[in-house]
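# Coordinates in review
Letter by letter, the chains look like this.
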Amino acid sequence: MPLPLQKDYYLRLELTADLADKPIIIFIARSKWCKMDEIEPNLYHVGFEIAEIMPDDREIFLRILAKYGK
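Residues numbered from 1 in each chain as written. Predicted model: local features only at pLDDT ≥ 70, side-chain atom pairs only at ≥ 80, totals over all residues. Heavy atoms only, no water.

Glancing now at unusual backbone geometry. Even without a glycine there, the phi angle at Q6 is positive, about 60 degrees. Mapped onto the elements, Q6 comes out in the segment before β1 (8-14). Residue classification places Q6 among the partly exposed residues on the basis of a relative accessible area of 48%. (Helix = DSSP H or I, 4+ residues; strand = E, 2+ residues; numbered from the N terminus. Buried < 20%, exposed > 50% of the residue type's maximum accessible area, 1.4 Å probe, protein only.)

The next point concerns the packing of aromatic side chains. Tallying each qualifying case throughout the model produces two aromatic pairs. With centroids separated by 5.9 Å and ring planes inclined at 85 degrees, the aromatic side chains of Y9 and F48 adopt a geometry described as edge-to-face. You can see Y9 sitting in strand β1 and its partner F48 sitting in strand β3 (residues 44-52), a full 39 residues away along the chain. Among the residues examined, Y9 registers a relative accessible area of 16% and is labelled buried. When the ring of F27 is compared with that of F61, the centres are 5.8 Å apart and the planes differ by 70 degrees; the resulting orientation is edge-to-face. Of the two residues, F27 is situated in strand β2 (residues 24-36) and F61 in helix α1 (residues 55-68); the sequence distance between them amounts to 34 residues. Overall, F27 belongs to the buried group, its relative accessible area being 8%. (Phe/Tyr/Trp six-rings, centres within 6.5 Å; stacked < 30°, edge-to-face > 60°.)

Okay, structure coming up:
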C-alpha cells in the first residue's frame, strides 16, 4: 500500500561509529512522492523531505550525504 503524500513521519536512522558518536538520529520527514517498484509490485519507493532535525543531527546527516549521496 502506498504511503499518503504530504504526511509527516518520525524516522530513525541507525548510525555506524565512523559517522557519529551516537547510535541513532531521529527526525521528522514529510512524504513527497511514492511509486510502485517496477519489479516487485508489493514494494514502494518513497521520497521524503526533512521537515525537522536537531542541528547536531543535521551535521551528521550532511556527513552521510557527503559520503554516500549522489
